[in-house]
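Residue-level listing of the chains:
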Amino acid sequence: MDRSGDIEEAGEEEFPRLGGGRYRPVVAHDRAVIEMSSVEPGSSSSQTLKNIKVVTPGEMSAGAREGPRAEDGVNGHQKESKLELFGFDSLVNILGLKSMTGEQVAAPSSPRDGEDISITQGHPKPALKMGTMMGVFVPCLQNILGIIYYIRFTWIVGMAGIGQSLVLVLLCGLCTFLTTISLSAIATNGAMKGGGPYYLIGRALGPEVGISIGLCFFLGNAVAGALYVLGAVETFLKAFPAAGIFRETITKVNGTAIAEPIQSPNSHDLQIYGIIVTILLCFIVFGGVKMINRVAPAFLIPVLLSIFCIFIGMFLAKTDDPDAGITGLRFKSFRDNWNSAYQMTNDAGIPDPTGGTYWSFNELVGLFFPAVTGIMAGSNRSASLKDTQRSIPVGTLAATLTTTSLYVISVLFFGAVATRDKLLTDRLLTATVAWPWPVIVHVGIILSTLGAALQSLTGAPRLLAAIANDDILPILNYFKVADTSEPHIATLFTALICVGCVVIGNLDLITPTVTMFYLLCYSGVNLSCFLLDLLDAPSWRPRWKYHHWSLSFVGAALCIVIMFLISWSFTVVAIALASLIYKYVGLKGKAGDWGDGFKSAYFQLALRSLRSLGANQVHPKNWYPIPLVFCRPWGQLPENVPCHPKLADFANCMKKKGRGMSIFVDILDGDYYECAEEAKEACNKLATYIEYKRCEGVAEIVVAPNMTEGFRGIIQTMGLGNLKPNIVVMRYPEIWRRENLTEIPSTFVGIINDCITANKAVVIIKGLDEWPNEYQRQYGTIDLYWIVRDGGLMLLLSQLLLTKESFESCKIQLFCIAEEDSDAEALKADVKKFLYDLRMQAEVIVVTMKSWDIRSEGNSKEDSLEAFDAAQRRISDYLGEIKSQGSTPRLANGKAMVVNEQQVEKFLYTMLKLNSTILSYSRMAAVVLVSLPPPPLNHPAYFYMEYMDLLVENVPRMLIVRGYHRDVVTLFT
C-alpha cells in the first residue's frame, strides 16, 4: 500500500504534539502547493514552466470533493505524488526527525478505510517532566548546602584563618565552576538521555571509561546518602538528647581556654534512627518525580530561612551576647582571625597539644570539598527534564555561583563575629548566633542533610538504571527500566547500600573515598570537554558558547591536584577501583560504538600521520608488511566460515609482536546493484571472523562481474598513500586440475601478472590446511631457496616467522641456487657477509644446478621422469585440443599463442630439478620458502600451472614468494 496515500487520506485531522502546537499532514487544500505535471524528454525550459501550475486553495478543495479518480487505483490510494522524483521515504517528516535523535519510533500501520491515523496512537502517556528550577537548581542547591556549612565551616575559618579560608573556598569553587562550564558545553551538544555525567563521559570517552567512572560516581552518591542521613540523625540527637534510646557517651575536654563537655550520641541510636530515616526517604523516592517535586521545597525553604536567620543573628550579635566569645561584627576580630592557626587537635576537633591529629591546608581541602559537591544532582536526573540543553547549564551554574558566593560572604562574617577560640570549640556556632532561636538552625541542619540525602537517593538509582539500559554489562540487566518508568529495583539496591553504610556507623575511612569518586567524575567531565573541544569535530556544536579547551584542561588538572592534596593513598584506591571496573568492562562488556572522542582522536591522528607519510617510498628501516589477504578459497572451507582459518593465522605470522595491519578481501561475482546488500552482510561476517581470530585487520568485499576484474580494481585502489597493501597473500589452487581446467589457471595467472604490473609482492601458500596455528609448535628448519633478488623479502619473512611461538624453535637454512660454472665458495662467503650485516643468523648452503638437458640425466629416478613425461603429455593434449577447434589459438589477452616446445621442455625440467633439490635437502623442514617464477610471456595459463605443479609436488608446506622493485631490509643503522 502506498504510504503517501495513507498520509493524504488522513484528511484534516490534526496531530497533537508536546510543544503545545499541532501537527497535521499535508492535504489537498493546503496553501501554496505546486502541482507538477510530467515533462516530456527534450522539452525546453519554457515548456517546462508552462507545465507547472499553482493550484489555489479553492481549486484544490474542489478537487478534494470530487473524490478519487479512476486512475488513482481501485481503493484510491495510488494518488499522484507531488515529489515523486525524490521518493516518499526521503521526505522530511515527524517520524524521520524523531528517528534522527535516536528515539524508537514504531512504523505506522496502514489504516482501514474510513479510519483516521495518529502518530501518538499506542504510545504511553509521557511522564511528568521538570523545568530548570525544580529539576536542576533546587537539587543542586540541596546537595551543595549540607551539614559541613553548619557544623564545620566556622571551625575551618578558625583553623585556616580568613585569608586561607578564602583561598580554600575559591580553589574548590573554581574546580566546580570549571566543571560546570565543561558540563554545560557537553550537555548542550545534542539530545541527552538519562544518566547525567555517565552519559556525557561515556559518549565522549567511550563506554569503558564512562561505565568505570559512572559506577564509581553511583557508589559515591549512594554512600554520600548515608553520610547525610547520619549527619541529620546526629544533629537531631544533639538538639534533643532525650530522644536517645541508649545512654549517651560524654567526653570531657580541657585542652582549651574554654573547657566544655563534648557530647556524642550513642552509635546504636545513630544506626536505628538512620535506618528509619533511610526507609522513609526511600518511600518518597518510590513515589516518583511528582512526589519528589512536592517534598523538595519543604526541605529547602527551612534551610534558606535558617541561613537568613544566621546572618540576621550575626548583625545583631554583641560582645558576649548571645554567648561568651561572641564579639559581634568587629574589625579587631577580623584582623585577629586573618592568619591561620594550624595545630594539634583531638578526635573531636578540639585544639589539644597532646592530640593525635595535626591539621594543615591539605587536610582542610579534604574536609571542605564535600561542601561544594552536588553540581551533578541536576544532570543525574536528565531523563526527567523538559529541556536538558537549557536547564542543565542555567540551573547548575546558578547553583554553583550562589553557593560559592554564600561561602565567600560567610568566611568574612564568621571571621569577624567571634574569637578564634570560640570558632574552634563551638561546633554549632551557627546555631549559637542564629536569631531568634538556635532551634531554627537545628531544623535547618536536619532538613538540609535530609534534602541532600533525598537528592542522592533520587539521582543514584537513575544513574545506575542509565548504565544498565545501555546494555554494555550483562550483570546490570536487573536494573533496566523503560524510558517512562521509575527505577524501583535500582532504588532498592541504592537503599541497601545506604542502610549498610548507616549500620557501619563509622564512615571516617569511607568519606575521603566518596570525595575521590566525585573528583574522579568531575575530572572525567572536564577531560571529555577538553577532548571534544580540542578535536573540534564537525558534530561538536554546543549551544553553550562560553567554553574553551584550556579551561577544561585546567579544571581536570585542578581535580587531580585536589585529589592528591586530600590524600594520595585514597586517590590511588579510587583510581585503582575505576581501573578494575574499566578492565572488567573491557573483558566482559559488549562492544559499543558511541562515536566517542577517542575514535575522533584516532581518526585525526591517522589523517595527520597519513599526510606526514606522504606518497614517497618508505625507507627500508620503516617498512612494514601490509598484506592483502585474498580470501577466495580455491578449496573447501572448514566449518562454513567466510575465510580459511589458516589464512588469518598466516597473516598474524607476518607481523612482529602483532604490529601491522592486514586487509582481508573477497570478490562477489555479480551486479553491484543486485548484490550490494549481500556484500554488506558478507563484509560484516568476514570482519566478525577476523576479530574472532584476533587478527589486526579490516575486511572488504568487492562486487564485480568476475574475479579478474574485481581483483584488478582492488589492486589499483585499495589503501591510501603509503598505507596501501604491499604484499598479496593467497592460497595455491591445488584443486585446479579436478575442478576447472580453464577458469582457475587463467584467474590465478592473471592475479600474479596484475601484482607484477602493480609492483606488489606476492606470497602464495601451498599446503594451507597444514599450516600451524599459534599453539602447534614446530621443530626442524625454515628452508629458503633464494633464486632471484627480491629485496630481502624472503629473508624478512623467515625472521618474522621466528618471532612466533610456533616457529621459535626452528633454525633457518638459506639455499643459494647457482649455475654450474659459478664460484660456489665465493657466493657462500658473500651471502654470509650479507646476512651478518643484516643481523640475521642462517646456515648458508650453495646448490649448483646444471644447465637444462633432460638427456644428460640418464640415471634420473623413474618417478621424476614419470612426472616430467606426464606433464609433457598433458601439455601436448591441451595443444591438440585447441588446434582441433580449427582457429588460431590465442591467449586470454587476445594475442596469438606462440609455443616453443623446446622452451616448454626447458621450463618443465627446471621445475622438476628444483623440486628434486627441495625434496633432497628439505624433506624434514617445517616450511620451505622458494622464489616465485613469473608467468612466461605467450605461454597459456595452463602451461604455467603445469610448471607450478611440478615445483610444489610432494612438498607439504611451502611459501612461494616474489618481491618487488625495492628493498625491504637495509644494512645500515
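The paragraphs below set out a description of the structure included in this document. All chains use their own residue numbering, which begins from 1 and follows the written sequence. Local features in this predicted model are restricted to residues whose pLDDT is 70 or higher, and side-chain atom pairs enter the listing and the counts only when it is 80 or higher, whereas totals over whole chains, interfaces and linings include all residues. Computation of side-chain values covers all heavy atoms of the structure but excludes hydrogens and water.

Each patch is built from residues that are more than 30% exposed by relative accessible area and take part in no salt bridge. Like charges join if they lie within 9 Å; nonpolar side chains (Val, Leu, Ile, Met, Phe, Trp, Tyr) join within 5 Å. Shrake-Rupley sampling with a 1.4 Å probe provides the accessible areas, and residues are treated as covered by the protein chains on show and by no other component. For this document, the term salt bridge refers to a Lys or Arg side-chain nitrogen within 4 Å of an Asp or Glu carboxyl oxygen. Together, Ile245, Phe246, Ile272, Ile276, Ile279, Leu280 and Phe283 line one region of the surface with nonpolar side chains, adding up to about 670 Å² of accessible area. Secondary structure elements follow DSSP: runs of H or I no shorter than four residues count as helices, runs of E no shorter than two count as strands, and numbering proceeds from the N terminus. Here Ile245 shows up in the loop between helix H8 (207–239) and strand S5 (249–253). Three labels apply to residues, based on accessible area from a 1.4 Å probe with only protein chains included: buried if under 20% of the type maximum, exposed if over 50%, partly exposed otherwise in between. The exposed category is assigned to Ile245, whose relative accessible area is 53%.

What follows deals with the side chain of Thr278. Tracing the backbone shows Thr278 in helix H9 (residues 267–286). Of the residues examined, Thr278 reaches a relative accessible area of 0% and is grouped as buried. Two N or O atoms count as a polar contact when they lie within 3.5 Å, although within protein this holds only if one can serve as hydrogen donor and the other as acceptor, and sequence-adjacent residues are included solely when both atoms are side-chain atoms. A polar atom in the side chain of Thr278 sits 2.7 Å from the backbone oxygen of Gly274. Residue contacts are counted whenever heavy atoms from the two residues lie within 4.5 Å of one another. What Thr278 contacts, discounting residues up to four positions off in sequence, is Val229, Leu457, Ala495, Cys498, Val499 and Val502.

The next point concerns the packing of aromatic side chains. Centres within 6.5 Å are what make two rings of Phe, Tyr or Trp a pair, Trp counting through its six-membered ring; a difference in plane orientation under 30 degrees is then read as stacked, over 60 as edge-to-face, and the rest as tilted. As enumerated under the stated definition, the model contains 34 aromatic pairs in all. Taken together, a centroid distance of 6.2 Å and an interplanar angle of 45° make the contact between Tyr149 and Phe414 tilted. You can see Tyr149 sitting in helix H6 (residues 147–187) and its partner Phe414 sitting in helix H14 (residues 388–417), a full 265 residues away along the chain. Phe414 shares its class with Tyr149; the two are buried. Aromatic ring contacts, followed pair by pair, group Tyr149, Tyr150, Phe153, Phe368, Tyr407 and Phe414 into a single cluster. Put simply, a charge is over a ring when the Lys NZ or the Arg CZ is close to the ring centre, within 6 Å, and near the line of the ring normal, within 35 degrees. Of note, Arg152 hangs over the ring of Trp155, and the distance from its end group to the ring centre comes to 5.0 Å.

So, on to the pattern of salt bridges. As enumerated under the stated definition, the model contains 13 salt bridges in all. One salt bridge connects Lys680 with Glu677, and the closest N-O pair in it is separated by 3.8 Å. Placement of both Lys680 and Glu677 in helix H24 (residues 672–692) is noted, with a separation of 3 residues, approximately one turn of the helix. Accessibility assignment for this pair places Lys680 and Glu677 in one class, exposed.

To get an axis, a line is fitted to the C-alpha atoms, and for a helix only the part in contact is used. The angle between two axes follows their N-to-C directions and goes from 0 to 180 degrees. Close contact between H6 and helix H12 (residues 361–368) brings their axes to 10 Å; oriented N to C, the two are set at 125°. Considering their axes alone, H6 and H12 lie oblique with respect to each other. Once H6 is placed against H12, the crossing between them reads as left-handed. The residue classification treats Ala, Val, Leu, Ile, Met, Phe, Trp, Tyr, Cys and Pro as nonpolar and Asp, Glu, Lys and Arg as charged. All others, Gly included, are polar. By residue class, the composition of the contact of H6 with H12 is 16 nonpolar, 1 polar and 1 charged. Our angle categories are set so that under 35 degrees counts as roughly parallel, over 145 as roughly antiparallel, 65 to 115 as roughly perpendicular, and the remainder as oblique. Here a crossing is called left-handed whenever its near helix is offset anticlockwise from the far helix by less than a right angle, and right-handed whenever the offset is clockwise.

Each nonpolar core is a collection of buried residues, namely Ala, Val, Leu, Ile, Met, Phe, Trp, Tyr and Cys, held together in the definition by side-chain atoms within 4.5 Å. Counting 151 residues, the largest nonpolar core has Leu364, Phe368 and Tyr407 as its most contacted members. The dominant element in this core, judged by the number of residues it contributes, is H6, at 21 residues. What Phe368 contacts, discounting residues up to four positions off in sequence, is Ile148, Phe153, Ile156, Leu168, Val169, Cys172 and Tyr407. Counting 60 residues, the second-largest nonpolar core is a separate cluster that includes Cys653, Cys683, Ala699 and Leu959.

Below, the discussion takes up unusual backbone geometry. Cis peptide bonds are those with omega within 30 degrees of zero, and the linkage from Trp435 to Pro436 qualifies with 0°. Residue position: Pro436 is located in the loop between helix H16 (429–433) and helix H17 (439–469). Positive phi is not limited to glycine here, since Arg839 has a value of about 60°. As for its placement among the helices and strands, Arg839 is situated in the loop between helix H29 (824–837) and strand S16 (843–849). The phi dihedral of Asn954 is positive, around 65°, even though this residue is not glycine. Relative to the helices and strands, Asn954 resides in the loop between helix H32 (941–952) and strand S18 (958–962). Take Asn954: its relative accessible area is 56%, and that puts it in the exposed class.

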